[in-house]
Amino acid sequence: MCATCGCDAVTLTQAHDHPDHGRTVELQQKVLAHNDQVATRNRDWLARRGVFAVNLMSAPGSGKTTLLERTVRELGPELPVQVIEGDQDTVLDAERLRLAGCRAVQINTGAGCHLDAEMVARALVELDPLPGSVVVIENVGNLVCPALFDLGEAARVVLASVTEGADKPIKYPHMFRHADLVVVTKHDLLPYVDFEYHRFSRALKQVSPGTQMLELSAFTGEGMAGFYDWVTRHAAAGRRPLLPGPG
């Protein structure tokens, strides 16, 4: 079991010291295998509908919701953006995004530290995303467990703010290794913090040499054009006709 939340997302390296490690690993494999089956159904349905789905992950406070608010306001008129919002509690972020002008469905995980494919499947039915649009799944703030759970997304975007330090990729390699895009946020705070881009970039290349990196400030708008271009290009690549919903 995960030591922080009690979920079944234990890693194999953690399990080998447990006296019942055989049963623990078997349980983990069953949990993840079922999750992957549901994720495949989510992915197939989203692809057939021509919806580009992004799993947006980061530590708490990296600026996921602020990035989405600006994206909805500025990209939304050109490309509809809808959000599945994951938090342990409250609907605060979903309300912020609705005020920004998008459709948003809230998932509260309670004690859980991540979203899973079943949760996303239910949220997709409620959200009913527009054909040819973008769905961003804002995961629970956590750099560990969310990396293990496929949600059916077409791409994974990981945020890391300049306030967090330049060593995040090597401290949390699984999260960054499987990212399609890494976004360094809060660039406007760079004069006030001890953050070295070259150290972060070197650490990312060490963990995931092919992963693209962008730098931006969702507060000032600096660098946002590059993010919009990335989203628009990937959304255009997979548009297909509408088919019935998941499940």
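Residues numbered from 1 in each chain as written. Predicted model: local features only at pLDDT ≥ 70, side-chain atom pairs only at ≥ 80, totals over all residues. Heavy atoms only, no water.

Trainee: How should I be thinking about the side chain of Asp116 in this particular structure?
Mentor: Inspection of the secondary structure assignment puts Asp116 in the loop between strand S3 (104-108) and helix H5 (117-127). Looking at Asp116, its side chain comes within polar contact range of the main-chain nitrogen of Glu118, at 3.1 Å. Excluding residues within four positions of it along the chain, Asp116 makes contact with Asn35, Phe149 and Leu151. (Helix = DSSP H or I, 4+ residues; strand = E, 2+ residues; numbered from the N terminus. Polar contact = N/O pair within 3.5 Å; in protein donor to acceptor, adjacent residues only side chain to side chain. Contact = heavy atoms within 4.5 Å.)

Trainee: Would you mind going over helix H4 (residues 92-100) with me for this structure?
Mentor: Each turn of an α-helix holds 3.6 residues, which means side chains three or four residues apart point in the same direction. Those residues of H4 that sit buried are Asp93, Ala94, Leu97 and Ala100. Along H4, the residues classed as buried sweep out an arc of 115 degrees about the axis, all on the same side. Summarising the geometry of H4, the exposed residues directed more than 90 degrees from the buried face are Leu92 and Leu99. If you follow the buried residues of H4, they end up packed against helix H3 (64-75), strand S2 (81-87), S3 and strand S4 (134-138). Just downstream of H4, Gly101 is the residue with a positive phi angle, here 115 degrees. (Buried < 20%, exposed > 50% of the residue type's maximum accessible area, 1.4 Å probe, protein only. Arc of directions from axis to C-beta.)

Trainee: What exactly am I supposed to notice about the environment of Ala53 here?
Mentor: Here Ala53 is to be found in strand S1 (residues 52-57). Along the sequence, Ala53 and Ala235 sit 182 residues apart, while their C-alpha atoms lie 8.4 Å from each other. Among all residues touching Ala53, those that are not within four sequence positions of it are Leu46, Val135, Glu153, Ala154 and Ala155.

Trainee: Quick question: what am I supposed to make of the packing of aromatic side chains here?
Mentor: Applying the stated criterion across every chain yields a total of five aromatic pairs. For the pair Phe227 and Tyr228, a centre-to-centre distance of 6.4 Å together with 55 degrees between the ring planes defines the contact as tilted. Taken together, the ring pairs connect Phe176, Phe195, Tyr197 and Phe200 into an aromatic cluster. (Phe/Tyr/Trp six-rings, centres within 6.5 Å; stacked < 30°, edge-to-face > 60°.)

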